[in-house]
Protein chains: 2
Amino acid sequence: MARKLGSHSEITGPRITSAATTLIARHGFAAVTMRQIAAEVGVQAGALYLYTPDKQTLLFDLMRAHMEELLDAAAAQDFSGPPEAALEAFTRFHIAFHLDRAEPVFVAYMELRSLTPENFEALERLRKRYEETLTAILRRGAADGVFDVPDPAVTTRALIAMLTGLTTWFRDGGRLTRDEIADLYWPMVRGAVRPG
Amino acid sequence: MARKLGSHSEITGPRITSAATTLIARHGFAAVTMRQIAAEVGVQAGALYLYTPDKQTLLFDLMRAHMEELLDAAAAQDFSGPPEAALEAFTRFHIAFHLDRAEPVFVAYMELRSLTPENFEALERLRKRYEETLTAILRRGAADGVFDVPDPAVTTRALIAMLTGLTTWFRDGGRLTRDEIADLYWPMVRGAVRPG
DNA sequence: GTCTATACCTGGATAGAC
DNA sequence: GTCTATCCAGGTATAGAC
C-alpha cells in the first residue's frame, strides 16, 4: 500500500469541506474566495479543483451532506410515543443537533439564495422532508386533542424558526448550558400548542 | 426653482436605496455589484458614488435606516396596558411591520456579517434596543404572575425568532392573509409564556 | 495529488468631460 | 448630476511541471 509523498486525498477532502463551512458561515459564500479556502487547508487554490468541479458544487455538496445527516439523525430517533413525549423528544433532538453543528446549520439556512435554481430545489425537498417529521407529531397530537394546532404547516415553521434561532446567539461557555437552554425552550414549545 | 436638466438628486437617492435593498435581499451583499445596482436605477456605476462613499456605507445606511424606522414605529405604539394586552399588541405590531418590509428585514438579518466591526456594533445596539421593548413587557407580566418567563432575555429571542421567521416564507396572495397569520401566531406566543 | 504560473474576467472606485 | 473611460486588485478556473 505504498502511497506517493504529497498524496493526501482522504485527508484533504474533509479538510476542504470543513474549512469552507467555517469560512462561509463567517463571511458568506460570495465573500469567500477559493484562495482563502485553500490557504485555510494549506494547499494552493488550484488543488481544490481535484475535489470539486467548481465553487457552486462545493457549496451544494456541503449543504446537502448536512441536510442528509440531519434526516438520518432524525430517522434514528423514536418519535412514535404519545404526542407530548414525541414533541419533547423532537424539541430536545433538534436543539442538540443544531447546537452541535452551528456552522453547517447557519450555512444551510443563509446560503439558499446562493444556490442555482436546481440545487435550491433539491435542498428544499430535503428541508421539507425534515419539517414533515414535526408536522406528523403535531397532527397526531391535534387528532388526540392534546394539542391545539389549527394549522400544522404554520405551527411547524413557527416552532422550527424559534428553535433554530438559538444557533445565532447561543455560545458554549456562556451564561447557560445546552441542557438549561433545552429546559427553557421545551415549556415554550409545549405551551405554544397547548389547548386553551 | 430652476433645476438643471439631468439633475435628479432627490429622486435618485431613494431609488438607489430601494434597488440595493431588493438586489441584496435576493442575492446577498457580496454577490451584488455596484454596476447591477446602477443598472437597476438607470444610471452608470460611477454616479452611485455621488450618494455613498463606498459599498459598505451603502449597506450600513440601508440597515440603519431600517432599524431606526422599526424603533420609531415601536415607540409610536402603546404597550403600557396590562401585560397580556401589551404582548398581543407587540405581536401584531411586529408581524405587520415585518411583513410590510420583507426585503429590508431580510437584509438587516442576513447581512450582519457583511458589516465592518464598527458598523456591526452600531446595528447590534439598535437591535438590542428593540428587543428590550419586548423584554420589558415580559418582565411586567412575570412580576404580575400572568406570564411564566424564567429567563426574559431568552424568551425574547425565542419569540422574536418565531415571529420574524414568518418573513422567509409568507407571501401575499398565498393560502393565508396577514390577519389570519397574526391570528395563528398570537395564541402560540400567548401559550409560550402562559403559566403551567 | 499538489504546485506554480497564468489566462481571462469582473469587481470597486476614481478622473475628467459635459 | 451624470457619463465615459479607465486603473488596478483580486476573482475563478485551467495547464503543465513535478
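The residue numbers shown here count from 1 along each chain, following its written sequence. Lettering for chains starts from A, numbering for ligands starts from 1, and both go in the order in which the items are written. Residue-level local features of this predicted model are given only where pLDDT is at least 70; pairs of side-chain atoms are given and counted only at 80 or more, and the full residue set underlies all totals for whole chains, interfaces and linings. Only heavy atoms go into the side-chain values, all of them from the structure, while hydrogens and water stay out.

Novice: I'm lost on the overall build of chain A in this one. Help?
Specialist: When its secondary structure is counted, chain A shows eight helices and zero strands. With the principal axes as the frame, chain A shows a C-alpha extent of 65 × 40 × 40 Å. Note that accessible areas follow from Shrake-Rupley with a 1.4 Å probe, and for residues the cover is restricted to the protein chains shown. For chain A, the computed accessible surface area is about 9800 Å², with 54% contributed by carbon and sulfur atoms. By the counting rule applied here, Lys and Arg register as positive and Asp and Glu as negative, while His and the ends of each chain are not counted. By convention, charge coordinates are those of NZ in Lys, CZ in Arg, CG in Asp, or CD in Glu. The average position of the 22 basic charges and that of the 25 acidic charges among the side chains of chain A differ by 5 Å. Here a helix means four or more residues in a row that DSSP labels H or I, a strand means two or more in a row labelled E, and each is numbered from the N terminus.

Novice: It is not clear to me how the protein's contact with DNA strand C should be interpreted in this structure. Could you clarify?
Specialist: In the vicinity of DNA strand C, 19 residues are found, and the nearest of them are Thr12, Gln44, Leu50 and Tyr51 of chain A together with Tyr49 of chain B. The near set for a molecule or strand comprises every residue that places at least one heavy atom within 4 Å of it. Among the atoms of DNA strand C lying within 4 Å of the protein, the sugar-phosphate backbone contributes 69%. Two N or O atoms form a polar contact when they lie within 3.5 Å of each other; inside protein one atom must be a possible hydrogen donor and the other a possible acceptor, and for residues adjacent in sequence the pair counts only when both atoms belong to side chains. Between DNA strand C and Val32 of chain B there is a distance of 3.5 Å, counted from a phosphate oxygen to a backbone nitrogen or oxygen. Of all the secondary-structure elements, those providing two or more residues to the surface near DNA strand C are helix H1 (9-27) of chain A together with helix H2 (34-41) of chain B. Nonpolar residues are Ala, Val, Leu, Ile, Met, Phe, Trp, Tyr, Cys and Pro. Charged residues are Asp, Glu, Lys and Arg, and all others, Gly as well, are polar. A per-class count over the surface near DNA strand C returns seven nonpolar, nine polar and three charged.

Novice: Explain the protein's contact with DNA strand D here, please?
Specialist: Thr33 and Arg35 of chain A together with Gln44, Leu50 and Tyr51 of chain B are the nearest of the 20 residues found near DNA strand D. The contact atoms of DNA strand D, taken as those within 4 Å of the protein, divide so that sugar and phosphate hold 68%. In the model, a base nitrogen of DNA strand D is placed 2.6 Å from a nitrogen or oxygen of the Arg35 of chain A side chain. Of all elements in the fold, only helix H2 (34-41) of chain A together with helix H1 (9-27) of chain B reach the threshold of two or more residues within the surface near DNA strand D. Residue classes in the surface near DNA strand D are distributed as seven nonpolar, nine polar and four charged.

Novice: Explanation requested: the environment of Ile95 of chain B in the structure shown.
Specialist: Residues and elements named next belong to chain B. Positionally, Ile95 belongs in helix H4 (residues 83-100). Type-normalised accessible area, obtained with a 1.4 Å probe on protein chains alone, sets the label of each residue: buried when under 20%, exposed when over 50%, and partly exposed for intermediate values. Residue classification places Ile95 among the buried positions, given a relative accessible area of 3%. The spacing of Ile95 and Ala182 is 87 residues in sequence and 6.8 Å in space, taken between C-alpha atoms. When residues no more than four places from it in sequence are discounted, the contact partners of Ile95 are Leu163, Leu166, Ile181, Ala182 and Tyr185. We call two residues in contact when some of their heavy atoms are within 4.5 Å.

Novice: I keep staring at the pattern of salt bridges and nothing clicks. Help me out?
Specialist: Working definition: two side chains of opposite charge can pair if their charged atoms are close together. Residues and elements named next belong to chain A. In the sections that follow, a salt bridge refers to a side-chain nitrogen of Lys or Arg positioned within 4 Å of a carboxyl oxygen of Asp or Glu. A complete count under the given rule lists 22 salt bridges over all chains for this structure. The partner of Asp61 in a salt bridge is Arg64, and the shortest N-O contact between them spans 3.1 Å. Of this pair, Asp61 and Arg64 both sit in helix H3 (residues 55-75), separated by three residues, roughly a single helical turn. Shared partners join several salt bridges into a network, and the residues in it are Glu88, Arg92 and Asp183.

Novice: What is the right way to read the nonpolar core from this model?
Specialist: Within soluble globular proteins, side chains that are nonpolar generally end up buried alongside one another. The set of buried Ala, Val, Leu, Ile, Met, Phe, Trp, Tyr and Cys residues whose side-chain atoms join them within 4.5 Å is what this entry labels a nonpolar core. By size, the foremost hydrophobic cluster in this structure holds 120 residues, and its most contacted members are Ile37, Leu87 and Tyr185 of chain A together with Ile37, Leu87 and Tyr185 of chain B. Each residue touching Tyr185 of chain A, except ones within four places of it in the same chain, is listed here: Ile95, Met162, Leu163, Leu166 and Trp169 of chain A together with Val154 and Ala158 of chain B.

Novice: I keep staring at the packing of aromatic side chains and nothing clicks. Help me out?
Specialist: Two measures describe an aromatic ring pair: the distance that separates the ring centres and the angle between the ring planes. When the centres of two rings from Phe, Tyr and Trp lie within 6.5 Å, Trp using its six-membered ring, the rings pair. Their planes under 30 degrees apart give stacked, over 60 give edge-to-face, and anything left gives tilted. In the structure shown here, the tally under the stated rule is ten aromatic pairs over all chains. Between Trp169 of chain A and Phe170 of chain A, the aromatic rings sit 6.5 Å apart at their centres with planes inclined by 70 degrees, giving edge-to-face as the arrangement. In this structure Phe170 of chain A comes out as buried when scored by relative accessible area, which is 7%. When the centroid spacing of 5.9 Å and the interplanar angle of 40 degrees are considered together, the rings of Phe93 of chain B and Phe97 of chain B count as tilted. With Phe93 of chain B and Phe97 of chain B both in helix H4 and four residues apart, the pair spans about one turn of that helix. For the residue pair Phe93 of chain B and Phe97 of chain B, the accessibility class agrees, reading buried in each case. Taken together, the aromatic side chains of Phe79, Phe90, Phe93, Phe97 and Tyr130 of chain A make up a single cluster linked through ring pairs. Across the ring face of Trp169 of chain B, the terminal group of Arg157 of chain A is positioned such that the distance to the ring centre comes to 4.5 Å. By definition, being over a ring means that NZ of Lys or CZ of Arg is both within 6 Å of the ring centre and within 35 degrees of the ring normal. Lying across the ring of Phe29 of chain B, Lys55 of chain B places its NZ or CZ 4.4 Å from the centre.

Novice: What's the story with the relation of the copies chain B and chain A in this structure? I'm lost.
Specialist: One copy of the chain maps onto the second through a rotation around an axis plus a translation along that axis. When chain B is fitted onto chain A, the two copies agree to an RMSD of 0.1 Å after a turn of 180 degrees and an axial shift of 0.0 Å. The two molecules are tied by a two-fold rotation axis, judged by turn and shift. Most of the interface of chain B is mirrored in chain A, where 100% of its interface residues are also at the interface. Least-squares superposition of the copies uses the C-alpha atoms of those residues scoring a pLDDT of at least 70 in each of them.

Novice: Is there a simple way to explain the domain arrangement of chain A in this structure?
Specialist: Buried accessible area, meaning the area lost when the parts come together, often serves as the stated size of an interface. All names here are of chain A. An automatic or database domain assignment supplies the residue ranges for each domain. The domain architecture assigned to chain A consists of domain 1 (7-52) and domain 2 (56-193). Computed from C-alpha atoms alone, the centre-to-centre distance between domain 1 and domain 2 is 28 Å. Of the residues lining the interface, 13 residues belong to domain 1; the matching set on domain 2 comes to eleven residues. Each of two parts loses accessible area, computed with a 1.4 Å probe, when they are put together; buried area is these two losses added. Looking at the side of domain 1 facing domain 2, the largest losses of area belong to Thr21, Ala25 and Phe29, adding up to 50% of the total buried there. The interface formed by domain 1 and domain 2 contains zero salt bridges. At the boundary of domain 1 and domain 2, one finds three residue pairs in polar contact (both at pLDDT 80 or more). Those elements that provide at least two residues to the side of domain 1 that touches domain 2 are H1 and H2. Among the elements that make up the side of domain 1 that touches domain 2, the one with the highest residue count is H1 (eight residues). Tallied by class, the residues present in the side of domain 1 that touches domain 2 amount to seven nonpolar, five polar and one charged.

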